[in-house]
Amino acid sequence: VQTTDWRIGCVIRTPVITARRLIYTPPPFTPSNIKNEKTRGLLYIGQTRDAKGAPEFMRMCRVLDLKPVVISHEKDAELFAGAEAHSFDLSQRQEMFELMSTCKAAYIPSKNECFSLAVLECLQFMPTIVDSQYAWTKHVREVGATLATGAELEAVIDAQLKNLQPYNRQLLDIYSTNSVQ
């Protein structure tokens, strides 16, 4: 990145990426229409690394006294002890979506996503909360993610888990229509 003037793709300008001719290309995304009863609570998708926010996610689950659902290639990691942990390979996308569609909300506290595919995948089924203290999160507000930070995160997550209204993914559907043109 630092040796070229061009950077094309699912990228935003950050302190780390400083290409002079940054061309943002939204990832094409076609949402699933799976609909299941919401029988599970809070979902996390990602690795155990601090940069992905896994420790913060698990801390929040302890504060809210939740048994979370975790999708990670590191599902047996000690960090996820007590969680309902799952791992899917690329050929199991449908099975992963079936599981995701049973969750009431997702919390993705990642410090360094770059317009995350995980956020899009979550938004097709449920309200998705991201930690707005990180610059990348401003780019997912337009597709329907809920931004919160600090002390308000606990209240926002709790409210989403208790919300009985049907989930409306209209912003994601608009994004998806435009991203595949």
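Here's what I pulled together on the structure shown here.

What counts as what
- Residues numbered from 1 in each chain as written.
- Predicted model: local features only at pLDDT ≥ 70, side-chain atom pairs only at ≥ 80, totals over all residues.
- Heavy atoms only, no water.
- Axes fitted to C-alpha atoms, helices over the stretch in contact; angles between N-to-C directions.
- Helix = DSSP H or I, 4+ residues; strand = E, 2+ residues; numbered from the N terminus.
- Parallel < 35°, antiparallel > 145°, perpendicular 65-115°, else oblique.
- Contact = heavy atoms within 4.5 Å.
- Nonpolar A, V, L, I, M, F, W, Y, C, P; charged D, E, K, R; others polar.
- Buried < 20%, exposed > 50% of the residue type's maximum accessible area, 1.4 Å probe, protein only.
- Polar contact = N/O pair within 3.5 Å; in protein donor to acceptor, adjacent residues only side chain to side chain.
- Salt bridge = Lys/Arg side-chain N within 4 Å of Asp/Glu carboxyl O.
- Pairing = 2+ DSSP bridges.

### Thoughts on the packing of helix 1 (residues 54-64) against helix 4 (residues 152-162)
Then, number 1: Following both chains from N to C, one finds helix 1 and helix 4 inclined at 70°, their axes separated by 11 Å at the closest point. Classified by the interaxial angle, the pair formed by helix 1 and helix 4 is roughly perpendicular. Every residue of helix 4 that contacts helix 1 at Met 60, Val 63 and Leu 64 is listed here: Leu 153, Glu 154, Ile 157 and Asp 158.
Then, number 2: The residue inventory of the contact of helix 1 with helix 4, partitioned by class, reads five nonpolar, no polar and two charged.

### A few points about the side chain of Ser 72
Then, number 1: Following the sequence through the fold, Ser 72 ends up in the loop between strand 4 (69-71) and strand 5 (84-86).
Then, number 2: With relative accessibility at 5%, the residue Ser 72 sits in the buried group.
Then, number 3: Among the polar contacts listed, one links the side chain of Ser 72 to the backbone nitrogen of Glu 74, at a separation of 3.0 Å.
Then, number 4: Those residues within four positions of Ser 72 in sequence are excluded, and the remaining contacts are Gly 46, Gln 47, Phe 80, His 86 and Ser 87.

### Considering the pattern of salt bridges
Then, number 1: Under the criterion given, the structure shown has six salt bridges.
Then, number 2: Here Glu 84 ties to Arg 40 by a salt bridge, and the two come within 2.8 Å at their closest N and O atoms. Within this pair, whereas Glu 84 is found in strand 5, its partner Arg 40 is found in strand 3 (residues 40-45), the two being separated by 44 residues in sequence.
Then, number 3: Using a relative accessible area of 23% as the deciding quantity, one classes Glu 84 as partly exposed.
Then, number 4: Residue class for Arg 40 comes out partly exposed when judged on its relative accessible area of 25%.

### Describing the sheet that holds strand 7 (residues 128-131)
Then, number 1: In space, the six strands of this open sheet follow the order 5-4-3-6-7-8, with parallel pairing throughout. The open sheet has two edge strands with one neighbour each: strand 5 and strand 8 (146-148). Strand-to-strand, the axes of this sheet are offset by a mean angle of 25°, without reference to chain direction.
Then, number 2: Bridge count between strand 3 and strand 4: three bridges; the pairing is parallel. Counterpart to Tyr 44 in the pairing with strand 4 is Val 70.

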